[in-house]
Amino acid sequence: MPWTSSGSLTSDRIPARQPTTAPAKQQAKGKSRAGPPKSKAVSALETRLHNVEYASGKEKDPRGGCFCLAREHGLSTYVPLCYGCGLVLCNLNLPHYACPHCGESFLDNARRSAIVAQILEELRGQVAKEEEERNRAIEEARKAEGAFPLLPSASGTQGARRPAGKGTATGPQSSHKVLSLNSTTKKVTVSSYTNTPISSRPPSPVPEEPRRFPPPREISYVKQPPDPEHPWKNIQFPDLQYIPPPEDLNTHSRQQRERDGGH
């Protein structure tokens with residue numbers, strides 16, 4: 001009940017405190033720190049899953065696809081063979097694009113469901129693999145720390161000691177305090193330390209794998225009928241001339257001495 005001049009209680013004169021809410025930016029930061037960042041492999045699988053689920057499948061790859069017939073790249077694990085023209089597809093031909101040769105779509109109802117299930121299985125396996133590697137790295141770090149007791153950090157959790165040297169893992173700053181006892185004055189000194197992570201180099205761009213372009217649609221052949229008098233004549237290149245290989249100088253000089261009587 002708001003205070004009025006006729007109020008009888010002293011507490012009525014205290015204004016009501018409005019509830020404070022955290023700014024939207026702080027809430028967004030708190031949500032973004034919920035888990036570890038996604039790896040490139042997980043992000044690529046999630047993007048591929050989204051494309052397969054929502055693409056029409058009738059568009060061709062804007063980069064032209066690849067016509068190496070799985071000789072230079074691995075065979076596609078989703079659609080290894082075109083259902084329309086029989087073209088062998090490598091892993092550069094993504095399943096949400098149509099066939100680069102005949103335009104056959106690979107995303108009808110049955111095929112789309114099968115590819116989605118396959119990508120989901122690969123995604124679960126990749127996440128489990130990365131989680132296992134992360135747990136193994138944490139366990140190895142704990143073994144490397146030894147049995148020395150660790151002081152609690154400012155947040156109340158035990159701080160992890162990192163081995164000194166180059167190549168330390170990057171991450172948020174961590175602070176810890178050290179208690180020192182002076183044997184002469186018997187005074188306790190509290191010192192605070194902050195570990196600043198070493199910024200790593202930006203990742204170098206991965207070069208794109210070369211693609212094989214489609215062969216020409218017209219076959220190059222000689223449209224002129226063959227000459228009956230010269231059936232073995234090269235009609236496609238009529239100006240070719242035979243040039244004999246050069247003779248060996250030693251053989252030529254030996255033959256010349258034989259003709260001159262052995263001198």
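Here's a quick rundown of the structure. Sequence order as written defines residue numbering, which begins from 1 separately in each chain. Residues qualify for local features only when their pLDDT is at least 70, as the model is predicted, and side-chain atom pairs are given and counted only at 80 or more; totals for whole chains, interfaces and linings, by contrast, use all residues. Values shown for side chains rest on all heavy atoms present in the structure; no hydrogens or waters enter the calculation.

Throughout, an axis means a line fitted to C-alpha atoms (over the contacting stretch in the case of helices), and angles, computed between N-to-C directions, take values from 0 to 180 degrees. We count a stretch as a helix when DSSP gives it H or I for four or more residues in a row; a strand needs E for two or more, and each element gets its number in order from the N terminus. The N-to-C vectors of helix H2 (residues 40-54) and helix H3 (residues 109-145) enclose an angle of 165°; their axes lie 10 Å apart at closest approach. Of the possible angle classes, the one that applies to H2 and H3 is roughly antiparallel. Judged by the sense of rotation from one axis to the other, the crossing of H2 with H3 is left-handed. Counting all contacts with H2, which are made through Ala 41, Val 42, Leu 45, Glu 46, Arg 48, Leu 49, Val 52, Glu 53 and Tyr 54, the residues of H3 involved are Arg 112, Ile 115, Val 116, Ile 119, Leu 120, Glu 122, Leu 123, Gln 126, Val 127 and Glu 130. A per-class count over the contact of H2 with H3 returns twelve nonpolar, one polar and six charged. Oblique is the label for any angle not covered by the other classes, which are roughly parallel (under 35 degrees), roughly antiparallel (over 145) and roughly perpendicular (65 to 115). Crossings are sorted by hand: turned counterclockwise from the far helix by less than a right angle, the near helix makes the crossing left-handed, and turned clockwise it makes it right-handed. In what follows, a contact means two residues having at least one pair of non-hydrogen atoms within 4.5 Å. Residue type decides the class: Asp, Glu, Lys and Arg count as charged, Ala, Val, Leu, Ile, Met, Phe, Trp, Tyr, Cys and Pro as nonpolar, and the leftover types, Gly among them, as polar.

What follows concerns unusual backbone geometry. Of note in the backbone geometry, Leu 69 takes a positive phi value of approximately 60° without being a glycine. Not every positive phi belongs to a glycine, and Ala 70 is a case in point at roughly 60°. Looking at the element boundaries, Ala 70 is found in the loop between H2 and H3. Judged by its relative accessible area of 25%, Ala 70 falls in the partly exposed class. For each residue, the accessible area found with a 1.4 Å probe, counting protein chains only, is set against the maximum for its type, and the residue is called buried under 20%, exposed over 50%, and partly exposed in between.

One can find Val 116 in helix H3. Assessed through its relative accessible area of 14%, Val 116 is described here as buried. Other than its neighbours up to four places away in sequence, Val 116 contacts Leu 49, Val 52 and Glu 53.

Here we come to H2. Under the convention used throughout, the expected extent of a helix is 1.5 Å for every residue step, that is, one less than its residue count. In a regular helix each residue adds 1.5 Å, so 15 residues correspond to 21 Å; H2 covers 21 Å between its end C-alpha atoms and thus fits that length. Every buried residue of H2 is listed here: Val 42, Leu 45, Leu 49 and Val 52. Buried positions in H2, seen along its axis, are confined to an arc of 95° and lie on one side of it. Opposite the buried face of H2, at more than 90 degrees from it, the exposed residues are Lys 40 and Tyr 54. Residues of H2 that are buried in the fold lie against H3. Arc, as used here, means the arc of the directions from the helix axis to the C-beta atoms.

By themselves, these observations are geometric and do not establish any function.
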